[in-house]
Structures are given as structure tokens and as C-alpha cells.
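# Secondary and tertiary structure notes
Here are the chains, one letter per residue:
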Amino acid sequence: HVTGVQTCDLPISESLRAVDQFSLGAWVRPGALDGWQPVFALASDAAGEAGVGLGLRASGPVVRVRQGGVTREFGAESAMALNTWFHLGVSFDAGAGVIFVNGFEMGRFNTGSSAALDLPASLEGWIGHDGRASFSGLIDEVVYSLRALDGSSLAMLAAMRDDAPEDTGFGCAESALL
């Protein structure tokens, strides 16, 4: 598992730099819901001039999009229980996105632009932190796809486990890039 203390920096390939479609799924078990709790982030650097992130707030899951130094948040109202595993997912396609919890659609958002998220060459990727904040809790089985998965595909990711992830440890290599 990845915790707020043991986080992963991800190597980023050229194929991730112009992001017009992507999907992300991850098992998360929040230990706290105060402030921004980043699960996954792609950003230009810790200053975050451009990037995208998925995380939690007390009100539920949140997608952050940063372009030109301006951050916008898109959230879905969903009660999040502390110390309980749940599957968090997002699908993004040409400026429109859908947020999922345990395979169920919880909210839709639109960035106001149909253009790709134009991420710079200095892009960095993180699991469990975003260069400024860290996730408090556990993260497991992160899957990142270079296409927009539909609701049934994200529901399949959530249903791939019969029970919650075991607390036996996690390595960054266990994350998957599809």
C-alpha cells in the first residue's frame, strides 16, 4: 500500500504529455479527510503550473485541473468513511469527466474546454502526494489508462476484488499503466 509517508514518484512517458483522454482507478482507505488528500497527480512540478489530480475532501472525491497557473476543482458529493476501503475512479474525455465510487457514477464535470490538458515536458507523476500535500491513509492497486473508460469498465475495476485489499504492503511497481 502507499501511505502519506511512503509515496511513489512515477516515471512519465511522452504519451502522457497531451492528455485528452484518461481513466484512473484506485482502492483507497482514508485515515483522515481534512483538507486536500491527493491520490494521484500529474503536474509540471511542485509549483504545479499545469496538471491534473484525483483526491478526496471531506465532501467526497475531487478532480483538480490546473492550466496556466489556475486551479479548478470538480467534486462529487459522497460520504466517505474513515478507515474503510472503497474504489475511486475517474474517466476524462475532451474536457468532460465522470467520477465513480465503488463503480457507481457519483458526479460529472466539464472543464469548459474540449482541448487536451497540455502538460509540459517537465511533467511528474505521483501516487499519494502531489508535491505539496500527502494522502493520509492507504492506496492500493492504482490503474491509469490512456483512454476514457466507460462506466461499466470502471465498475469492473472496482469489482475485481471480492474483498478489500489486504494490508500486506504495496510497491510502486504494482501500479498499472494501461
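Description of the structure in this document. (Residues numbered from 1 in each chain as written. Predicted model: local features only at pLDDT ≥ 70, side-chain atom pairs only at ≥ 80, totals over all residues. Heavy atoms only, no water.)

## As for the overall build of the protein
We count it as follows: Per the convention used, a helix needs a DSSP run of H or I reaching at least four residues, while a strand needs a run of E reaching at least two, with both numbered from the N terminus. In this scheme, a residue with accessible area under 20% of its type's maximum is buried, one over 50% is exposed, and one in between is partly exposed, where area comes from a 1.4 Å probe on protein chains only. Contact between two residues is taken to exist if any of their heavy atoms lie within 4.5 Å; hydrogens are not considered. The Shrake-Rupley method, run with a 1.4 Å probe sphere, supplies the accessible areas, and residue values consider only the shown protein chains as cover.
For the protein, the helix and strand inventory stands at one helix and 15 strands. Looking at the 178 residues of the protein, the share that counts as buried comes to 49%. The contacts in the protein between residues at least 6 apart in sequence include a share of 69% that link residues at least 24 apart. A total accessible area of about 7900 Å² is found for the protein, and carbon and sulfur atoms account for 52% of it.

## Considering the side chain of Gln37
Defined as follows: N or O atoms closer than or at 3.5 Å make up a polar contact, with two conditions inside protein: a donor-capable atom paired with an acceptor-capable one, and, for residues adjacent in sequence, both atoms drawn from side chains.
Structurally, Gln37 is set in strand β5 (residues 37-43). A residue is classified by how much of its surface remains accessible, and Gln37, at 4% relative accessible area, is buried. A polar contact is formed between the side chain of Gln37 and the backbone oxygen of Asp34, at a distance of 3.1 Å. Polar side-chain contacts of Gln37 include one of 2.6 Å to the backbone nitrogen of Ser136. Excluding its chain neighbours within four sequence positions, the residues that come into contact with Gln37 are Ala32, Gly55, Leu56, Ser134, Phe135 and Ser136.

## Some remarks on the nonpolar core
The tendency in soluble globular proteins is for nonpolar side chains to be buried as a group. This is how the line gets drawn: Buried Ala, Val, Leu, Ile, Met, Phe, Trp, Tyr and Cys residues that are joined via side-chain atoms within 4.5 Å together make up what is termed a nonpolar core.
If you look at the biggest cluster of nonpolar residues, it comprises 28 residues, and the most contacted ones within it are Val28, Leu56, Val63, Leu88, Val90 and Ile139. Mapped onto this core, the elements with two or more residues apiece are β4 (21-30), β5, β6 (51-57), β7 (60-67), β9 (86-93), β10 (96-101) and β14 (137-145). Beyond its immediate chain neighbours, meaning those up to four positions away, Val90 contacts Phe22, Ser23, Leu24, Leu54, Val63, Val98, Ile99, Phe109 and Leu154. Of all hydrophobic cores here, the second largest spans six residues; its members include Val98, Phe100, Val143 and Leu149.

## Section: helix α1 (residues 151-159)
Put simply, the test is: Arc definition: it is the arc formed by the directions from the helix axis to the C-beta atoms.
Listed as buried for α1 are Leu154, Leu157 and Ala158. The buried residues of α1 occupy one face: seen down the axis, they fall within an arc of 100°. Turned more than 90 degrees from where α1 packs its buried face, Met156 and Ala159 sit exposed. Where α1 is buried, its residues touch β4, β9, β10 and β14.

## Points about the pairing of strand β8 (residues 70-75)
The criterion, for reference: Here, any two strands with at least 2 DSSP bridges between them count as paired.
With six bridges connecting them, β7 and β8 associate as antiparallel partners. Within β8, the position partnered with Val65 by the bridge is Arg72. The antiparallel pairing of β7 with β8 creates a hairpin that spans two residues between the two strands, and Gly68 there sits at a positive phi of about 55°.

## Things to note about the packing of aromatic side chains
Worth spelling out the cut-off: Any pair of Phe, Tyr and Trp rings, taking the six-membered ring for Trp, is counted once the centres come within 6.5 Å. Such a pair is stacked with planes under 30 degrees apart, edge-to-face with planes over 60 apart, and tilted for the rest. Here, a charge over a ring is recorded when the distance from Lys NZ or Arg CZ to the ring centre is within 6 Å and its angle to the ring normal is within 35 degrees.
Counted by the stated rule, this structure contains three aromatic pairs. In this structure an aromatic cluster arises from ring pairing among Phe22, Phe74, Phe92 and Phe109. Above the plane of the ring of Trp36 lies Arg64, whose end atom (NZ or CZ) is 4.1 Å from the centre.

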